[in-house]
Amino acid sequence: MTIELLPIQDVTACCSPVTTEAMDQASAEVLAKSLKAIADPARLRLISMVAAHDGAEACVCDLQEPLGLSQPTVSHHLKVLVDAGILHREKRGTWAYFSLVPGALDTLAGLIIAPTK
């Protein structure tokens, strides 16, 4: 079994929660990239489908038909989510399996919600 790890963007390395201090341009661009990655109906469905799948991981072969999109389109959406650090990709033989990066969605949420007092 070969594991292929792609670079993951750690949004916490660039950004403070938007409610604690004013963001600089570079931090805003990094956070916006991650938010844009999840601000697409197909990508939100992919995140949900992967999380709900057995073992919280899914083969790309299991995602195309339920999503109703072509294989290249599904692959593009998955790549965007991997590049944004939301999903992890693992190559097994000829198939790619996807799982949520632990804490990725919690981290994003933590950057855009106000801390409770």
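Residues numbered from 1 in each chain as written. Predicted model: local features only at pLDDT ≥ 70, side-chain atom pairs only at ≥ 80, totals over all residues. Heavy atoms only, no water.

As recorded in an unreviewed UniProt entry, the protein chain goes by the name Metalloregulator ArsR/SmtB family transcription factor, listed as coming from Curtobacterium citreum.

Help me out: how do you make sense of the side chain of His77 in this one?
In this structure, His77 sits in helix H4 (residues 71–83). We classify His77 as buried; its relative accessible area is 9%. At a separation of 3.0 Å, a polar atom in the side chain of His77 contacts the side chain of Arg43. When near neighbours in sequence (up to four residues on either side) are disregarded, His77 contacts Asp40, Ala42, Arg43, Leu46 and Leu69. (Helix = DSSP H or I, 4+ residues; strand = E, 2+ residues; numbered from the N terminus. Buried < 20%, exposed > 50% of the residue type's maximum accessible area, 1.4 Å probe, protein only. Polar contact = N/O pair within 3.5 Å; in protein donor to acceptor, adjacent residues only side chain to side chain. Contact = heavy atoms within 4.5 Å.)

Would you mind showing me how to read the pattern of salt bridges here?
Any two side chains of opposite charge can pair if their charged atoms end up close together. As enumerated under the stated definition, the model contains 3 salt bridges in all. Note that Asp83 and Lys79 form a salt bridge whose closest N and O atoms lie 2.6 Å from each other. Highlighted residues: Asp83 and Lys79, both in helix H4, separated by 4 residues, approximately one helical turn. With relative accessibility at 26%, the residue Asp83 sits in the partly exposed group. We note a salt bridge from Glu90 to Arg92, for which the minimum N-O separation is 3.1 Å. (Salt bridge = Lys/Arg side-chain N within 4 Å of Asp/Glu carboxyl O.)

Just to check I follow, could you spell out the side chain of Ser99 for this structure?
Looking at the secondary structure, you find Ser99 in strand S3 (residues 95–100). Under the relative-accessibility criterion, Ser99 is labelled buried at 17%. Ser99 has contacts with Val50, Ala56, Glu57, Ile86, Leu87 and His88, leaving out every residue within four places of it along the chain.

In this structure, what is going on with H4? I would like to understand it.
One turn of an α-helix holds 3.6 residues; hence residues three or four places apart share an orientation. With 13 residues, H4 extends 18 Å between its outermost C-alpha atoms, agreeing within 8% with the 18 Å of an ideal straight helix rising 1.5 Å per residue. Within the span of H4, buried status applies to Val74, His77, Leu78, Leu81 and Val82. Taken end-on, H4 shows its buried residues confined to a sector of 140°, consistent with a single buried face. Structural note: H4 exposes Pro72 and Lys79 on the side pointing more than 90 degrees away from its buried face. Here the buried face of H4 lies against helix H1 (25–38), helix H2 (41–52), helix H3 (64–67), strand S2 (87–92) and S3. (Expected span 1.5 Å × (residues − 1). Arc of directions from axis to C-beta.)

Which parts of the structure should I look at to understand the packing of H1 against helix H5 (residues 104–112)?
In a pair of packed helices, the angle between the axes and the distance between the axes together describe the arrangement. It is the contact of H1 with H5, at a shortest axis distance of 11 Å, that shows an interaxial angle of 120°. With respect to each other, H1 and H5 are oriented oblique. Taken as a pair, H1 and H5 cross one another with a handedness that is left-handed. Judged by residue contacts, Leu31, Ser34, Leu35 and Ile38 of H1 engage Leu108, Leu111 and Ile112 from H5. Among the residues making up the contact of H1 with H5, the classes are represented as 6 nonpolar, 1 polar and no charged. (Axes fitted to C-alpha atoms, helices over the stretch in contact; angles between N-to-C directions. Parallel < 35°, antiparallel > 145°, perpendicular 65-115°, else oblique. Left-handed = near helix turned anticlockwise from the far one by under 90°. Nonpolar A, V, L, I, M, F, W, Y, C, P; charged D, E, K, R; others polar.)

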